[in-house]
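Examination of the molecular architecture
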Amino acid sequence: MGFTKTMLRQGNGQLPRRGQKVTVHCTGYGKNGDLGVPFWSTKDPGQEPFTFAVGLGQVIKGWDESVIGMSIGEVARIHCSPDYGYGPGGFPAWGIQPNSELIFEIEILRYQ
């Protein structure tokens, strides 16, 4: 299993290194098993862009493996199989059921 990536906007070609902090805007879809319903977005009122160290397991596998191949300014839709998302435990607080496929629209803002 894994993820598929659909590029929506090309970036500048500069890729992050493993362990580098990456800041993104992101909207996640798949609430209650419906891939058309968002469960979280950094663009919602009161939310901020999300920063994490890429390639170190701080986020779900679908993010770690897709974002490491994305450049600054790039926007892509990442479709994750359950094992690249939240797996058998799901994420009940966000309405993500166990073994759910998920879609994330990710925009790379910067690397640090």
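In what follows, the structure referred to is the one given above.
All of the points below concern the structure found in this document. (Residues numbered from 1 in each chain as written. Predicted model: local features only at pLDDT ≥ 70, side-chain atom pairs only at ≥ 80, totals over all residues. Heavy atoms only, no water.)

On to the packing of aromatic side chains, then. Tallied over the full model, the rule gives 12 aromatic pairs. Between W40 and F50 the ring centres are 6.0 Å apart and the planes differ by 90°, which places this aromatic pair in the edge-to-face class. With a gap of 10 residues between them, W40 in strand β3 (residues 38-41) and F50 in strand β4 (residues 50-53) connect regions that are remote in the sequence. What makes W40 buried here is its relative accessible area of 15%. According to the relative accessible area criterion, F50 is partly exposed, its value standing at 31%. Through a chain of ring-to-ring contacts, three or more aromatic side chains come together here, namely F39, W40, F50, F52, W63, Y86, F91, W94 and F104. R77 extends its terminal NZ or CZ atom over the ring of Y29, reaching a point 5.3 Å from the ring centre. (Phe/Tyr/Trp six-rings, centres within 6.5 Å; stacked < 30°, edge-to-face > 60°. Helix = DSSP H or I, 4+ residues; strand = E, 2+ residues; numbered from the N terminus. Buried < 20%, exposed > 50% of the residue type's maximum accessible area, 1.4 Å probe, protein only. Lys NZ or Arg CZ within 6 Å of the ring centre and 35° of its normal.)

Grouped together as the largest cluster of nonpolar side chains are 22 residues, with contacts concentrated most on V24, W63, V67, F104, I106 and I108. Sorting the residues of this core by element identifies β2 (21-29), β3, α1 (61-67), β5 (75-80) and β6 (102-111) as the ones contributing at least two each. Residue contributions to this core peak at five residues, all from β6. Once residues lying within four places of it in the same chain are set aside, the contact partners of F104 are C26, T27, G28, F39, I60, W63, A76, R77, I78 and C80. (Core = buried A, V, L, I, M, F, W, Y, C linked by side-chain atoms within 4.5 Å. Contact = heavy atoms within 4.5 Å.)

Okay, the pattern of salt bridges next. Should the charged atoms of two oppositely charged side chains come close, the side chains can pair. The tally for this structure, following the rule as stated, stands at four salt bridges. Notably, a salt bridge pairs E74 with K5, separated by 2.8 Å at the nearest N-O pair. Here E74 is found in the loop between α1 and β5, whereas its partner K5 is found in strand β1 (residues 3-9), with 69 residues between them in sequence. Look at E74 and you get buried, because its relative accessible area is 3%. The exposure class of K5 is partly exposed, given its relative accessible area of 33%. Here R9 makes a salt bridge to E107, at a shortest N to O gap of 3.0 Å. With a gap of 98 residues between them, R9 in strand β1 and E107 in strand β6 connect regions that are remote in the sequence. According to the relative accessible area criterion, R9 is partly exposed, its value standing at 41%. (Salt bridge = Lys/Arg side-chain N within 4 Å of Asp/Glu carboxyl O.)

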